[in-house]
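Fold and geometry: a report
The residues making up each chain are set out below.
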Amino acid sequence: MTTLTAGIDFELPDALAAHEPPEVRGLSRDSVRLMISRVHDDEIVHSTFSHLPDFLDAGDVVVVNSSATINAAFGAIRKTRSEAHNPVWLHLSAPLGGLRWVVELRQTTLKGSVALLDADAGETLSLPGGAKARLIEPYAEVHSLTGGVRLWIAELSLSMNALTYSDRYGSPIRYSYVPQRWPLSYYQTIFADEPGSAEMPSAGRPFSREVVARLEEKGVRVVPLILHTGVSSLDSDEDPYPERYRVPLETARVVNEARSAHARIVAVGTTVVRALETAASLDGTVRESEGWTDLVITPEHGVGVVDAMLTGFHAPKASHLSMLEALAGHDHLSRAYSEAVQTGYAWHEFGDVHLILP
């Protein structure tokens, strides 16, 4: 695995973190702010998401992720060597077959939730409802850059299937910038139809039925694919790891027809970019495809299918910035993020969004 170093860095003031869903702040989902940045002339425009159709053209294809978020966070009890019983969090990330899952352990500190890095193979954690999780081995040798193991393969002992268990005993994954718990419904997009994402494919959150209807009236196609997201708490400069995806035949057909007509393919989120580029052949033709993708998109790798992208705002040095740089270029992306900070755009899953156009 080749370690990424994102090409842009910046200071993100704590005040720009979105601490709660926009609905709680008196906004509709489609009333969050929208920054539009056009790469070819380095232009930046400020709007609201409800005006998204005004910036797309007839023939464009908007590709969305229809994975639904699950309650992937569980309070757990860890028995340490001193026999003390310490409360921690266990986050489900991805199923590996049978009762084995990729999991992350986290602990609560005065500065918020942080990865727990001193666990050992063979440890058993107690979960709600009498369930247990036994740590088997590190997942794909994914270690924290600061030392220790961040992701584990764990064997779960449950009295029901994992999704039923998560519905009953779990809660949505949240980090320190979201101090209050919110129901799972706040972590679903209107496209969600297949449970599987540990964390919300958040670029699609601002869409409303009205915005989709206006897009379709304008002649913009909206088509789905699936990429089930794992936990997003990557260390700075840490590569994204494999995730499950599926590109349906109809979506591949619509995308290929649009590309033949020189229309734009607009990916909603980094997950969609990763899935489409994985399913593409060398000439850019998208195939019906499913499986696991370990594709890491960098400026050196480039993109062959996607022309434009709708995305949230990512933290400094996040690996997603390398993907954005592949699409927008270093200078334009740096300028856009500087503008976003200066004009007070909101970060993270409940924040504002950025439309990158060629």
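Refer to the structure presented above.
Here's what I pulled together on the structure shown here.

So, about the pattern of salt bridges. Enumeration over the complete set of coordinates arrives at 17 salt bridges. Ionic pairing is found between R78 and D118, a salt bridge with its closest N-O pair at 3.1 Å. You can see R78 sitting in strand β5 (residues 73-79) and its partner D118 sitting in the loop between β8 (112-115) and β9 (124-126), a full 40 residues away along the chain. Accessibility expressed as a relative area gives 48% for D118, which makes it partly exposed. Each of R221, E250, R253 and E257 takes part in a single network of salt bridges with overlapping partners.

A few words on the environment of A133. Looking at the secondary structure, you find A133 in strand β10 (residues 132-138). Taking relative accessible area as the criterion, A133 reaches 0% and is therefore assigned buried. In contact with A133, not counting residues within four places along its chain, are L90, E123, T124, L125, L127, E155 and L156.

Note: strands within a sheet are paired through backbone hydrogen bonds, in either parallel or antiparallel orientation. Read from one edge of the open sheet, nine strands run β2-β1-β18-β17-β15-β3-β13-β14-β16, paired in mixed fashion. Since the sheet does not close on itself, it has two edges, and those belong to β2 (43-48) and β16 (289-293), each with one partner. Each neighbouring strand pair of the sheet contributes to a mean axis angle of 20 degrees, computed without reference to strand direction. Note that strand β1 (residues 33-38) and β2 share six bridges and pair antiparallel. Looking across to β2, one finds that L34 is bridged to S47.

Basis of the calculations
Residues numbered from 1 in each chain as written. Predicted model: local features only at pLDDT ≥ 70, side-chain atom pairs only at ≥ 80, totals over all residues. Heavy atoms only, no water. Salt bridge = Lys/Arg side-chain N within 4 Å of Asp/Glu carboxyl O. Helix = DSSP H or I, 4+ residues; strand = E, 2+ residues; numbered from the N terminus. Buried < 20%, exposed > 50% of the residue type's maximum accessible area, 1.4 Å probe, protein only. Contact = heavy atoms within 4.5 Å. Pairing = 2+ DSSP bridges. Axes fitted to C-alpha atoms, helices over the stretch in contact; angles between N-to-C directions.

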